[in-house]
Amino acid sequence: MRARAGAGREAALMRDPEPEPRAQKQQQLQREKGTAMAASIRLGRSAVFIALRAIKPNQLTAQNRLIIQNKRQWTAGWTGSGFRHLFQSPSVCAGAAPLKVQMPALSPTMEEGNIVKWLKKEGDEVAAGDTLCEIETDKAVVVLESSEDGILAKILVQEGSRGVRLGTLIALMVSEGEDWKQVEIPAPEPITPTAAPPTAAGPAPPLTTTPSAPKQLRLSPAARHILDTHGLDPHLAKATGPRGLITKEDALKLLNQRDERRPAPPAAAVTSPAPVTVSAPIAPSTGRPTFPPLSVPGKPGMPGTFTEIPASNVRRVIAQRLTQSKSTIPHAYASVDCDLGPVMKLRKQLATEDIKVSVNDFIIKAAAVSLREMPEVNVMWSGDGPQALDYINISIAVATPRGLITPIIKDAASKGLQEIAATAKALAKKARDGKLLPEEYQGGSFSISNLGMFGISEFSAVINPPQACILAVGGTRAELRMAPHNPDGPVLHTQQLMTVTLSSDGRLVDDELASRFLEKFRTNLEQPQRASL
């Protein structure tokens with residue numbers, strides 16, 4: 001037995017002569033692999049942090065600064081989410097995150113605008129408050145100011161573009177320090193495809209609908225007027241404006257759809273006529289064609305041709321408001337002659353003191369004081385009826401190359417004559433330059449239109465809704481009249497007369513009230529000191 005046990009130990013030693021040194025070698029190899037892996041991980045982390053330190057401080061966004069500040073936490077436990085957070089940061093990615101510039105609503109009734117001119121170029125630095133471009137609204141040409149600091153990276157809507165809807169992306173900016181040439185241009189919003197019409201293969205299954213909460217409607221003033229005039233349900237209109245706004249085009253489309261659905265009147269039974277051959281139209285003996293031919297660009301126009309002139313937004317709004325005024329407001333007219341002798345005398349006295357005022361400034365002041373003394377004329381018409389106004393804002397009509405616009409002299413009754421003159425002059429210049437702000441031409445209570453400087457003796461103006469009155473002022477003329485209350489008897493003398501015509505809304509200002517207002521206005525104008533001018 002002892003011989004067998006000794007033989008077994010000898011055989012085991014021959015198969016594995018050194019079992020303990022071999023196990024030690026395996027443990028040493030495992031330690032070397034772990035050391036190499038740890039070194040490679042430390043080397044990778046060091047390279048990342050060296051790259052982050054190389055970035056300039058002014059080029060770091062808040063997200064990158066957060067990465068550097070949390071470096072120690074990430075060193076302790078670096079995970080895959082940390083790598084994703086790093087490579088999604090704007091400074092590490094190839095493109096710069098853009099700041100969107102969209103078409104804003106620059107007036108309450110604005111639905112679209114035209115890009116008149118870009119005042120900044122791509123690559124220009126922009127500070128908050130700088131003007132980016134000029135936009136033509138439905139009222140005037142207004143400048144668009146930047147609300148943030150940065151660099152104008154990309155202009156998406158060029159100069160001269162017309163009919164740009166509200167909310168449309170017109171330009172892109174980047175933050176300071178970022179590469180504006182690498183701006184990321186966002187993809188256009190996908191258009192949801194319309195559902196295909198049902199086929200006639202079989203009857204459609206009945207649909208079950210669940211009651212939902214009523215949706216609040218948003219209508220533009222023009223769309224509301226069209227729907228109310230024609231008695232259309234606004235819930236049937238499909239809104240295409242921003243944030244679910246029903247625009248004028250949506251209301252017109254609904255009106256056209258209603259007209260198409262109306263059944264045609266039954267035609268009377270008639271016998272089928274014999275076939276008739278239609279020949280080409282023959283020009284009459286005068287040589288004039290029976291229909292206006294089309295004009296060819298670059299060639300002289302043929303007889304009967306015409307050229308379409310594109311209407312600006314301002315012209316379209318003027319046409320819309322004039323049509324609305326004459327079709328919905330019952331106009332009444334009254335005229336009176338005013339003696340401008342006292343006004344001319346006072347102007348000369350002020351000129352000696354180097355105070356320059358015009359006759360129109362006296363008219364504005366006299367009208368404002370008359371409204372203060374007769375508040376029943378300072379009213380407007382709303383959907384619910386008359387509304388008395390607590391303010392006296394005089395709208396003065398100014399002719400510009402783009403059309404007529406009415407800037408406002410606010411609180412004119414409490415302003416002095418010299419202040420009215422300076423304000424009117426500044427507003428007229430801004431109107432001709434197209435630089436009026438919306439608050440400078442909206443909210444008037446009484447309008448004045450003066451055509452006397454154009455040689456017009458008298459005229460009637462159209463009321464500017466929702467106002468109740470407009471005063472049309474003609475030119476001055478010299479007339480011989482009898483001097484009243486002369487102790488030496490009747491004597492002829494020359495008077496500088498001016499005819500003014502008041503157009504009033506018959507629903508608010510009747511003929512008797514209009515007559516009393518004109519009498520009050522004439523008294524204030526012929527006695528400037530009475531009106532505290």
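Worth saying up front: this structure is predicted, and the values here are computed from it rather than measured.

## Concerning the nonpolar core
Of all hydrophobic cores here, the largest spans 74 residues; its most connected members are I394, F446, L471 and L525. Apart from residues no more than four positions distant in its own chain, L471 is found in contact with I363, F446, S447, I448, S449, V500, T501, L502, L518 and F521. Counting 10 residues, the second largest nonpolar core, distinct from the first, contains I226, L232, I246 and A251.

## Overview of the sheet that holds strand β2 (residues 112-118)
Here we have 4 strands laid out as an open sheet, ordered β5-β4-β2-β7, and antiparallel in their pairing. The outermost strands of the open sheet, each flanked by one partner alone, are β5 (141-145) and β7 (164-165). Where β2 and β7 come together, 2 bridges link them in antiparallel fashion. Bridge pairing in β7 links E112 to R165. Running over the sheet, helix α8 (residues 313-328) touches β2 and β4 (131-136) and is turned about 145° from β2.

## Here we look at helix α12 (residues 511-526)
With 16 residues, α12 ought to run about 22 Å at 1.5 Å a step, and its terminal C-alpha atoms sit 22 Å apart, in line with that. Taken together, the buried positions of α12 are occupied by L513, A514, F517, L518, F521, N524 and L525. Down the axis of α12, the buried side of the element spans an arc of 135°, and every buried residue falls inside it. Packed against the buried residues of α12 are β11 (331-339), α9 (341-352), α10 (359-373), β18 (446-450), β19 (469-482) and β20 (492-505).

## Here's the deal with the pattern of salt bridges
Pairing between side chains becomes possible if they bear opposite charge and their charged atoms approach one another. Scanning the entire structure with this criterion turns up 14 salt bridges. In this structure, the salt-bridge partner of K429 is D433, at a minimum N-O distance of 3.0 Å. Within this pair, K429 and its partner D433 are both found in helix α11 (residues 417-433), separated by 4 residues, close to a single helical turn. Residue classification places D433 among the partly exposed residues on the basis of a relative accessible area of 38%. Here R507 makes a salt bridge to D505, at a shortest N to O gap of 2.9 Å. Here the salt bridges do not stand alone but share partners, grouping D337, R477, E479 and R481 into one network.

## Looking at the packing of aromatic side chains
Within the structure shown, the criterion is met by 1 aromatic pair. The interplanar angle of 50° and the centroid separation of 5.7 Å between the aromatic rings of F446 and F517 together place this pair among those described as tilted. With a gap of 71 residues between them, F446 in strand β18 and F517 in helix α12 connect regions that are remote in the sequence. In this pair, the class of F446 matches that of F517, namely buried.

## A few points about the packing of α10 against α11
Closest axis-to-axis distance for the α10/α11 pair is 9 Å, and the angle between their directions is 115°. Note on packing geometry: the crossing formed by α10 with α11 is right-handed. The segment α10 lies against α11, with D361, F362, I364 and K365 engaging L417, I420, A421 and A424. Its residues placed into classes, the contact of α10 with α11 shows 6 nonpolar, no polar and 2 charged.

## Points about the environment of R321
Within the element layout of this structure, R321 appears in helix α8. If sequence neighbours within four positions are ignored, R321 has contacts with K139, N464, P465 and P466.

## Considerations on the side chain of D361
Here D361 shows up in helix α10. In this structure, D361 is buried with no salt-bridge partner, the nearest side chain bearing the opposite charge being R347 at 7.5 Å. Reaching out from D361, the side chain makes a polar contact with the backbone nitrogen of S358 at a distance of 2.9 Å. Those residues within four positions of D361 in sequence are excluded, and the remaining contacts are L417, I420, A421 and A424.

## Things to note about empty space enclosed by the protein
Within this structure, the stated rule accounts for 1 cavity of 30 Å³ or more. Taken as a whole, the largest cavity encloses approximately 60 Å³ of empty space. The wall of the largest cavity is formed by K139, A140, V141, V314, T400, R402, G403, L404, I405, A431 and G434. For the lining of the largest cavity, the leading source of residues is strand β16 (residues 403-405), giving 3 residues. Classifying every residue of the lining of the largest cavity gives 6 nonpolar, 3 polar and 2 charged.

## Considerations on the UniProt feature "domain: Peripheral subunit-binding (PSBD)" (unreviewed entry) in the protein chain
When the UniProt feature table is mapped onto this chain numbering, "domain: Peripheral subunit-binding (PSBD)" (unreviewed entry) sits at residues 218-255. Helix makes up 47% of residues 218-255 and strand 11%, with an end-to-end C-alpha separation of 18 Å.

About the cut-offs
- Residues numbered from 1 in each chain as written.
- Predicted model: local features only at pLDDT ≥ 70, side-chain atom pairs only at ≥ 80, totals over all residues.
- Heavy atoms only, no water.
- Core = buried A, V, L, I, M, F, W, Y, C linked by side-chain atoms within 4.5 Å.
- Buried < 20%, exposed > 50% of the residue type's maximum accessible area, 1.4 Å probe, protein only.
- Contact = heavy atoms within 4.5 Å.
- Pairing = 2+ DSSP bridges.
- Helix = DSSP H or I, 4+ residues; strand = E, 2+ residues; numbered from the N terminus.
- Axes fitted to C-alpha atoms, helices over the stretch in contact; angles between N-to-C directions.
- Expected span 1.5 Å × (residues − 1).
- Arc of directions from axis to C-beta.
- Salt bridge = Lys/Arg side-chain N within 4 Å of Asp/Glu carboxyl O.
- Phe/Tyr/Trp six-rings, centres within 6.5 Å; stacked < 30°, edge-to-face > 60°.
- Left-handed = near helix turned anticlockwise from the far one by under 90°.
- Nonpolar A, V, L, I, M, F, W, Y, C, P; charged D, E, K, R; others polar.
- Lys, Arg positive; Asp, Glu negative; His and termini not counted.
- Polar contact = N/O pair within 3.5 Å; in protein donor to acceptor, adjacent residues only side chain to side chain.
- 1 Å grid on protein atoms, 1.4 Å probe; cavity = no way out; pocket = protein on both sides within 12 Å on 5 of 7 lines; lining within 4 Å.
- Points joined across faces, edges and corners; volume = space filled by probe spheres on them.
- UniProt positions renumbered as here; feature names shortened; annotations may be inferred.

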